[in-house]
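# Chains, contacts and geometry: an overview
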Amino acid sequence: MFSKLAVLAIPLSAVLLTACGSMHHKDHKDHKEAATSTPVRSADGVLVGPDGRTLYTFTKDTAGSGASTCYQQCATNWPPLGVAPGAKPIGDFSIITRTDTTQQWAYKGWPLYYFAKDSQAGDKRGDGMGGGVWKLATP
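Residues numbered from 1 in each chain as written. Predicted model: local features only at pLDDT ≥ 70, side-chain atom pairs only at ≥ 80, totals over all residues. Heavy atoms only, no water.

Another point: the pairing of strand 6 (residues 93-97). One ladder, built from five bridges, connects strand 6 with strand 7 (residues 103-107); its direction is antiparallel. Bridge pairing in strand 7 links I95 to W105. Connecting the antiparallel pair strand 6 and strand 7 is a turn made up of five residues, with T101 showing a positive phi of about 75°. (Pairing = 2+ DSSP bridges. Helix = DSSP H or I, 4+ residues; strand = E, 2+ residues; numbered from the N terminus.)

A word on the packing of aromatic side chains. Per the stated rule, a full pass over the model turns up eight aromatic pairs. Taking the centre distance of 6.4 Å and the plane angle of 80° together, the rings of Y56 and F115 count as edge-to-face. One end of the pair, Y56, is in strand 4 (residues 56-58); the other, F115, is in the loop between strand 8 (110-111) and helix 3 (129-132), and 59 residues separate them in sequence. F115 carries the same exposure label as Y56, and that label is buried. A network of ring pairs unites the aromatic residues Y56, F58, W78, Y113, F115 and W134 as a single cluster. (Phe/Tyr/Trp six-rings, centres within 6.5 Å; stacked < 30°, edge-to-face > 60°. Buried < 20%, exposed > 50% of the residue type's maximum accessible area, 1.4 Å probe, protein only.)

Under the counting rule described, the total for this entry stands at one disulfide. Residue pairing for C70: its cysteine sulfur links by disulfide to C74, the two sulfurs lying 2.0 Å apart. In this structure the cystine formed by C70 and C74 twists about its S-S bond by roughly -110°; its chirality is therefore left-handed. The buried category is assigned to C70, whose relative accessible area is 0%. (Disulfide = S-S within 2.5 Å.)

This is the structure we're talking about:
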């Protein structure tokens, strides 16, 4: 016979698996193609996207404003972490709508970005760039 905890664990597992989702993309530099249900946290305490690449925040954004200030060339160099269709905010992760109507994940109100020159999981080349306005996204 199952305990009440075991019975609850099965549906909760399904919810968590649904929330984590997968990334659908052809080229990580095209944020319209790179969409995910939620970012994940790496073992070293830095937030990373589903492919393991480091995520960043931009200090010129305003936490909690629901907006990004990184567009055009900025967004080419710092692609936003896109949101998969049907994804919902969860915990400290919220969703903002960009001026081009695409959606972007935010953590504790800070929009999340990749750095185009981080070519593989574990790269952190963007930390401190732009005179310190780009920071590692950390929980």
